[in-house]
Amino acid sequence: MTETQTDTVDQQEEETKITTQPLIPGLPNEIAELCLLRLPYPYHALFRSVSSSWNATITSPSFLHSKQSLSNTPYLFVFSFNKSTAKIQWQSLDLSSGRWFVLPPMPSSFAKISSPHALSCASIPRQGKLFVLGGGESSRSAVVYTALTNRWSLASPMLAPRTHFVSGNLDGKIVAVGGSSDGGGGEATKDVETYDPENDTWKASARLPMVLAKYDSAVIGKEMLVTEGWAWPFMFPPMGQVYDLDKDTWREMSGGMKEGWTGVSVVIRGRLFVISEHGDCPMKVYSSDDDTWRYVSGDKLPRKAMRRPFAVAGVEDRVYVVGEGLSVAEGRVSEGQNGEFSVEWRMMVASSHQARAQFSPASCHVLYV
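The rules behind the values
Residues numbered from 1 in each chain as written. Predicted model: local features only at pLDDT ≥ 70, side-chain atom pairs only at ≥ 80, totals over all residues. Heavy atoms only, no water. Pairing = 2+ DSSP bridges. Helix = DSSP H or I, 4+ residues; strand = E, 2+ residues; numbered from the N terminus. Axes fitted to C-alpha atoms, helices over the stretch in contact; angles between N-to-C directions. Phe/Tyr/Trp six-rings, centres within 6.5 Å; stacked < 30°, edge-to-face > 60°. Buried < 20%, exposed > 50% of the residue type's maximum accessible area, 1.4 Å probe, protein only. pLDDT = per-residue confidence, 0-100. Contact = heavy atoms within 4.5 Å. Salt bridge = Lys/Arg side-chain N within 4 Å of Asp/Glu carboxyl O. Patch = residues over 30% accessible without salt bridge, like charges linked within 9 Å, V, L, I, M, F, W, Y side chains within 5 Å. Areas by Shrake-Rupley, 256 points an atom, 1.4 Å probe, with all protein chains shown as cover.

A few words now on the sheet that holds strand 23 (residues 328–335). In spatial order, the strands read 20-24-23-22-21; together these 5 strands make up an open sheet with mixed pairing. Of all the strands in the sheet, just strand 20 (297–298) and strand 21 (311–315) have a single pairing partner and so form its edges. As paired elements, strand 21 and strand 22 (residues 318–322) share 5 bridges and run antiparallel to each other. By the bridge assignment for strand 22, A313 is matched with Y320.

Here is the structure:
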């Protein structure tokens, strides 16, 4: 028998050993695999080291497919930066246990950025995926984080370089809007492009009618709302545009919406809310019927424990606000019979932990894992 044939036989014997080795002694493998499907996602790298059979099972496509179909536990993912060292880091918070996990670092090309705000982040929550755009030396790079595997992978680069821009998930497509085309220090761009994760391709979309400075954006259905917000000395009202995915067109944002958009936004069950960045940070909800904003009744955001800057994300009837030091407050939003909204706040995580005290949030997203 030749050396090559011997290696092949040894490999086949090893594979047979792995497939016949029980996952959990005393349990049928079908039952044991159901147990593995319930293991918390951040520990998968550790679980793979338990045995060769666990590693083969956890990394198999069929296991990942089953895991994705059962992905119903929300985690809060926070893109943060250290104010002293400018270090950037992704962390995830298990909303049921209150425990933080540090994600693997992004590819090295994203480590040399001037500011975390130069990048733009979007997500597809039900697929458990994060998208980070605008990194690399050319400011065209794009990476995807997949929670099921706890790994980053490169995506096709954007068509044009851009920094300090906004992006969002419209019906499973990632839309990148505006920004600066030369590193954020000069010429602004009206270019818009759309990424299809299924095909890993970008295509040009309808350009912005005007240049918009980066402030905030939100997605409701198949429309993306982009506003540049109020700017000092508040002499001119802000500009805003609305993108329609189906029509691939832009229209001007209504006057009431853009003038009352005075904070960071979150969409809860199809309604647009903002956490104001002024005073005691009240919460407002937009009414399209009369183009006005109304204050949300109930508790106020716990300002003694929450310090700006804020990043906000929502899921179902909950809103999560992340503040300096990665403190986290949860608000439960409810709608009364008269159509009025109220919110109840509670602190989930204080900023007292030394490892997180120097970090501030740039953005946050809720993913199902």
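The structure having been displayed, the exposition proceeds.
Alignment of strand 6 (residues 141–146) against strand 7 (residues 151–155), held across 5 bridges, turns out to be antiparallel. Bridge pairing in strand 7 places Y145 opposite W152. Counted along the chain from strand 6 to the antiparallel partner strand 7, the turn is 4 residues long, and its residue N150 has a positive phi close to 55°.

Attention shifts here to the sheet that holds strand 15 (residues 249–252). Strand order in the open sheet formed by 4 strands is 12-13-14-15, and the pairing between neighbours is antiparallel. The sheet terminates laterally at strand 12 (216–220) and strand 15, the two strands that pair on one side only. Across the sheet, the mean angle from the axis of one strand to that of its neighbour is 20°, orientation sign disregarded. With 5 bridges joining them, strand 13 (residues 223–227) and strand 14 (residues 240–244) adopt antiparallel strand pairing.

This part takes up the pairing of strand 15. Pairing geometry for strand 14 and strand 15, over 4 bridges, is antiparallel. Each residue of the ladder has a partner; that of Y243, found in strand 15, is W250. Taking the residues between adjacent antiparallel strands as the criterion, strand 14 and strand 15 are bridged by 4 residues, where D248 takes a positive phi near 55°.

This part is about the packing of aromatic side chains. Counted according to the given criterion, the structure contains 10 aromatic pairs. Plain terms: the ring middles of F77 and Y145 are 5.9 Å apart, the flat faces sit at 55° to each other, and that makes the pair tilted. Here the residue F77 occupies a position in strand 1 (residues 74–82), and Y145 occupies one in strand 6, the gap between them amounting to 68 residues. For the pair F77 and Y145, one class covers both residues: buried. When the centroid spacing of 6.2 Å and the interplanar angle of 65° are considered together, the rings of F131 and Y195 count as edge-to-face. Of the two residues, F131 is situated in strand 5 (residues 129–135) and Y195 in strand 10 (residues 192–196); the sequence distance between them amounts to 64 residues.

Attention shifts here to unusual backbone geometry. The omega torsion of the bond from R308 to P309 falls at 10°, within 30 degrees of zero and hence cis. Along the chain, P309 falls in the loop between strand 20 and strand 21. If you check the backbone angles, C281 has positive phi at about 55° while not being a glycine. Classification of C281 as buried rests on a relative accessible area of 2%. One non-glycine residue with positive phi stands out, namely D291, at about 55°. When its relative accessible area of 25% is taken as the criterion, D291 is described as partly exposed.

Turning next to the confidence of the model for the chain. Of the residues in the chain, 88% have a pLDDT of 70 or more, and the chain-wide mean is 86. The low-confidence segment residues 9–18, where pLDDT is below 50, has 4 contacts with residues more than four positions distant or belonging to other chains.

Applying the stated criterion across every chain yields a total of 12 salt bridges. Through salt bridges with shared partners, one network takes in D317, R318, E330, R332 and R346.

Now for a nonpolar patch on the surface. There is a patch of nonpolar side chains on the surface, built from L27, I31 and L34 and spanning about 240 Å² of accessible area. Here L34 lies in helix 2 (residues 29–37). Residue class for L34 comes out partly exposed when judged on its relative accessible area of 43%.

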